[in-house]
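Summary of the model geometry
Chain by chain, the residues:
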Amino acid sequence: MKPILIYANKLDPGLKDEIQAGRLIPENCVVIAGQEQSEVSFYLHKEKHVFSQLSRPAPSILENYDQIRLPCKPVADIVNAYGSPFYIKIDIEHYDAPILQSLFQHNFYPPYISAESHAINVFSIFLAQRGYNAFKLVDGRSVSSDYANRTIQCERTKDLVKYSFPYHSAGPFGCDSDGE
């Protein structure tokens, strides 16, 4: 199974080699949990792209966003097209829970999942699923300091490499993250 990258903004230039080698397949769309539609409203933060989101921002902060229309695809359609993933990372500001629910409703249970949690509902969804019995929590605010200059194992080549995770990243994957 090849990794799928879903993006709605510019691609990281560092991914060019992975794409050209066929190890990464870009899908330029917004991932949605529901039924197929061609476009959705997306809220692009005017100053910090990491705050951009699918869910309509609260009225008190709405002025910080530009509403745009972007193409979208249901998460189940993407998994059906490419196969069940070994690992899936979900980081859709305030929309992780619906994506997670949709995956499980369509009987997709990847061995590894990373999801952002702003509230208890993401944990509740995981706990309600059979087959998941171990969890690791990573504090996103401290990833860049906790995982600076860390030795990790490259999943594809099995090489050990030194890597410093940048601020606002998800941090290491699976056994490379701290804890049992």
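Whatever comes next refers back to the structure up there.
Right, let's walk through the structure included here. (Residues numbered from 1 in each chain as written. Predicted model: local features only at pLDDT ≥ 70, side-chain atom pairs only at ≥ 80, totals over all residues. Heavy atoms only, no water.)

**Describing the overall build of the chain**
Helix and strand counts for the chain come out as five helices and nine strands. When its helices and strands are written in sequence order, the chain yields β-α-β-β-β-β-α-β-α-β-α-α-β-β. What you see for the chain is a C-alpha radius of gyration of 17 Å, in line with the 16 Å of a compact globule of 180 residues. Taken over the C-alpha atoms alone, the chain extends approximately 45 × 40 × 35 Å along its principal axes. For the chain, the proportion of contacts with a sequence separation of at least 24, taken over those separated by at least 6, is 53%. Between the mean site of the 17 positive side-chain charges and the mean site of the 21 negative ones, the chain shows a separation of 2 Å. (Helix = DSSP H or I, 4+ residues; strand = E, 2+ residues; numbered from the N terminus. Rg over C-alpha atoms; globule rule 2.2 N^0.38 Å. Contact = heavy atoms within 4.5 Å. Lys, Arg positive; Asp, Glu negative; His and termini not counted. Charge placed at Lys NZ, Arg CZ, Asp CG, Glu CD.)

**Quick look at the nonpolar core**
Among the nonpolar cores identified, the biggest contains 29 residues, and V30, L54, I99, L100, L103 and I113 are the most heavily contacted of them. Of all elements in the fold, only β3 (30-32), β4 (39-45), β5 (65-74), α2 (75-82), β6 (87-90), α3 (96-105) and α4 (121-127) reach the threshold of two or more residues within this core. Per-element tally for this core: the top contributor is α3, with five residues. (Core = buried A, V, L, I, M, F, W, Y, C linked by side-chain atoms within 4.5 Å. Buried < 20%, exposed > 50% of the residue type's maximum accessible area, 1.4 Å probe, protein only.)

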